[in-house]
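Survey of secondary and tertiary structure
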Amino acid sequence: MILTIRKWQTNNDEKLWELVCEANALAPGNCTDDWVANAPALVPVMERILLLARQRDALSIYFYDMSQLFWLVQEVENYQVAFRLAEMFHRDYQDGLAEHATLYGKKLMVSMAARIVDFYSYFPQIDDDKMAQMLEIYRDCNRRYGCEYNDGDYSILMRVAILSDNRELAEEAALRMENVKYDKGFSYIFSYGYPMIGHYIMQDHPEEAETLIRRIEQKEIPLSYRWCYEEGFETTGRELRRWALICSLLLGKEKAFFLFFVSWEPLGREQIKVDFYRTDAALFDLLAGDCSCLELCLRLAWRDVRDERSGKTAPLLGVLIDLSWYCYFQILDRRGVHSVSLEPGEGAEYCRSGAESMERVKERQSGERQWPCLEVAAYFERQADQLGAQMDRSRKAFGYRRAKRCFEVCCLEKESL
């Protein structure tokens, strides 16, 4: 259930307990997919719990509900509620609310602060000053109330450092991560492996990142840490290397990209788990010579367009997605696939606005609509340029031009060699 709360923790408040039970009825068990599926009904209930818990001074329940709700609304791309929760947290911090919370409420507040910093890093409406302010709030909360429970937050800070190319923050997080006990609930792969791979790439030590990937692939980690291999496909070497390639492109590290790409192996259509196939993986597979997933990739591209237009894609992710498709469709054209077919109403409906050339959809005799690959690439380039310019205006260190140039050098100039 989404809120593991007993009645006595509500101070036997009948109304509060009734709402907690209602939320758990909508999110039973431990299957988060079910929680997400019920989000339209679940989110309003959890918002009511938040308000009532604050009125009743049930601060542990208040911060617990806020933490779970913050996770849930990001899962369903309800960023409006996520921003509202972040602002509520900011006011709570200014009001000194943590001083009146239990130890459990205090450590939840520390983790919430770290997650808000991470969330903010994806949106251009949060400028450098706001980011710095939120980061200082996290540091203050961690200094006052942080404990072993909060050790996993350092990997979140490392991700923020990588996305913003903040070397000082990366060093701070790396020092902390070295002292975390990864046999006590924090996954070595997710809380150390992924973030440290990005850190090594940022510091221009890609060979150390490759060594870490191989150590994890070959399970050369302490025995007490190996429980983390049970966590699913993202513990594989392919997924670790995919993350290394993304970091290399985002940070403009061409040498690192080619080092990791040498070992990239396409899975082929038969082995791909459709629900988990990512845009960047589609680009890397095509770059490695695998065209077996073209139909799947086209569906994925149109879905990405639809999600971006409906506001379901965080802008920073949108930059990476759009640059990936910008390169993907140019490579398709170079390999002789000059146009792609669209199911009626599927692609043109979402991509038409903002690009005059996208209006010129050709009709084949069969009735399928054809879209020139170079026009598709041009559309995604315009989208990436627009989002990249927004990120650059609010974040001095973001470096969109650097990232775009790295995509072009690594994916397009390599292709033309």
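As shown above, the structure is provided for reference.
The notes below deal with the structure included here. All values reported here derive from a predicted model rather than from experimental measurement. (Residues numbered from 1 in each chain as written. Predicted model: local features only at pLDDT ≥ 70, side-chain atom pairs only at ≥ 80, totals over all residues. Heavy atoms only, no water.)

**Overview of the overall build of the protein chain**
Each helix and strand counted, the protein chain has 19 helices and three strands in total. Here the protein chain has a C-alpha radius of gyration of 23 Å; the compact-globule value for 417 residues is 22 Å, and the two agree. Projected onto its principal axes, the C-alpha positions of the protein chain cover 70 × 45 × 40 Å. A buried classification covers 55% of the 417 residues belonging to the protein chain. (Helix = DSSP H or I, 4+ residues; strand = E, 2+ residues; numbered from the N terminus. Rg over C-alpha atoms; globule rule 2.2 N^0.38 Å. Buried < 20%, exposed > 50% of the residue type's maximum accessible area, 1.4 Å probe, protein only.)

**Focus: helix H4 (residues 59–75)**
Taking 1.5 Å per residue as the helical rise, H4 with its 17 residues ought to reach 24 Å, and the 24 Å between its terminal C-alpha atoms agrees with that figure. At the exit of H4 stands Glu77, carrying a positive phi of roughly 55 degrees. (Expected span 1.5 Å × (residues − 1).)

**A word on the environment of Tyr400**
Positionally, Tyr400 belongs in helix H19 (residues 400–416). For the pair Tyr400 and Leu387, spaced 13 residues apart in sequence, the C-alpha separation works out to 9.1 Å. Within polar-contact distance, the side chain of Tyr400 engages the backbone oxygen of Ala384 at 3.5 Å. (Polar contact = N/O pair within 3.5 Å; in protein donor to acceptor, adjacent residues only side chain to side chain.)

**Re helix H13 (residues 254–261)**
Buried within H13 we find Ala256, Phe257, Phe260 and Phe261. In a view along the axis of H13, the buried residues occupy a sector of 125 degrees, so they form one face of it. (Arc of directions from axis to C-beta.)

**Structural notes on the layout of surface pockets**
Where empty space is left in the structure can be found by rolling a water-sized probe over the atoms. If you add up the space inside the second largest pocket, you get close to 310 Å³. Forming the walls of the second largest pocket are 20 residues, and the residues nearest its centre are Asp128, Met131, Ala132, Ser164 and Asn166. Where the lining of the second largest pocket is concerned, the elements lending two or more residues are helix H7 (128–145) and helix H8 (153–164). At six residues, H7 tops the list of elements feeding residues into the lining of the second largest pocket. Classifying every residue of the lining of the second largest pocket gives 11 nonpolar, three polar and six charged. (1 Å grid on protein atoms, 1.4 Å probe; cavity = no way out; pocket = protein on both sides within 12 Å on 5 of 7 lines; lining within 4 Å. Points joined across faces, edges and corners; volume = space filled by probe spheres on them. Nonpolar A, V, L, I, M, F, W, Y, C, P; charged D, E, K, R; others polar.)

**Focus: the packing of helix H6 (residues 103–120) against H8**
When two helices pack together, their arrangement is given by the angle between the helix axes and by the axis-to-axis distance. Two elements in contact, H6 and H8, have axes separated by 9 Å at closest approach and are oriented at 15 degrees. On the basis of their axis angle, the class for H6 and H8 is roughly parallel. Both H6 and H8 take part in a crossing whose hand is left-handed. Note on element contacts: H8 touches H6 through Asp153, Ile156, Arg159 and Val160, opposite Val110, Ser111, Ala114, Arg115, Val117 and Asp118. By residue class, the composition of the contact of H6 with H8 is five nonpolar, one polar and four charged. (Axes fitted to C-alpha atoms, helices over the stretch in contact; angles between N-to-C directions. Parallel < 35°, antiparallel > 145°, perpendicular 65-115°, else oblique. Left-handed = near helix turned anticlockwise from the far one by under 90°. Contact = heavy atoms within 4.5 Å.)

**Describing empty space enclosed by the protein**
Evaluation of the coordinates by the stated rule reveals two cavities of 30 Å³ or more. Roughly 50 Å³ of internal volume is contained in the largest cavity. For the lining of the largest cavity, the secondary-structure elements that each account for two or more residues are helix H12 (237–250), helix H14 (279–287) and helix H16 (315–334). The element that contributes the greatest number of residues to the lining of the largest cavity is H14, accounting for three residues. Residue composition of the lining of the largest cavity, grouped by class: six nonpolar, one polar and one charged. Space inside the second largest cavity adds up to approximately 40 Å³. Tyr277, Ala282, Asp285, Leu286, Asp290, Cys291, Ser292, Cys293, Leu294, Cys297 and Tyr328 are the residues that line the second largest cavity. If you list the elements that add at least two residues to the lining of the second largest cavity, you get H14 and helix H15 (294–309). Top element by residues in the lining of the second largest cavity is H14. It accounts for three residues. Residues that form the lining of the second largest cavity fall into these classes: eight nonpolar, one polar and two charged.

**Considering the pattern of salt bridges**
Counted according to the given criterion, the structure contains 30 salt bridges. Across the salt bridge formed by Arg143 and Asp140, the nearest N and O atoms sit 3.1 Å from each other. Of the two residues, Arg143 and Asp140 are both situated in helix H7; the distance of three residues between them amounts to about one turn of the helix. Between Lys312 and Asp307 there is a salt bridge; the shortest N-O distance is 4.0 Å. A network of salt bridges, in which partner residues are shared, links Glu99, Asp140, Arg143 and Arg144. (Salt bridge = Lys/Arg side-chain N within 4 Å of Asp/Glu carboxyl O.)

**Considerations on the packing of H8 against helix H9 (residues 167–177)**
Where H8 contacts H9, the two axes come as close as 8 Å, and the packing angle between them is 155 degrees. Between H8 and H9, the crossing angle belongs to the class labelled roughly antiparallel. Judged by the twist between their axes, the crossing of H8 over H9 is left-handed. Packed against H8, whose contacting residues are Tyr154, Ser155, Leu157, Met158, Val160 and Ala161, the element H9 presents Leu169, Ala170, Ala173, Ala174, Arg176 and Met177 at the interface. Residues of the contact of H8 with H9, tallied by class, amount to 10 nonpolar, one polar and one charged.

**Describing the packing of aromatic side chains**
Within this structure, the stated rule accounts for 29 aromatic pairs. For the ring pair Trp325 and Phe329, a centre distance of 5.8 Å and an interplane angle of 40 degrees mean the geometry is tilted. Of the two residues, Trp325 and Phe329 both sit in helix H16, four residues apart, roughly one turn of that helix. Across the pair, Phe329 and Trp325 agree in class, each one buried. An aromatic cluster of at least three residues, connected via ring pairs, comprises Trp302, Trp325, Tyr328, Phe329, Trp371, Tyr379 and Phe380. Sitting over the ring of Tyr229, Lys219 keeps its end group 4.9 Å from the ring centre. Over the ring of Tyr326 we find Lys404; its NZ or CZ atom is 5.7 Å from the centre of that ring. (Phe/Tyr/Trp six-rings, centres within 6.5 Å; stacked < 30°, edge-to-face > 60°. Lys NZ or Arg CZ within 6 Å of the ring centre and 35° of its normal.)

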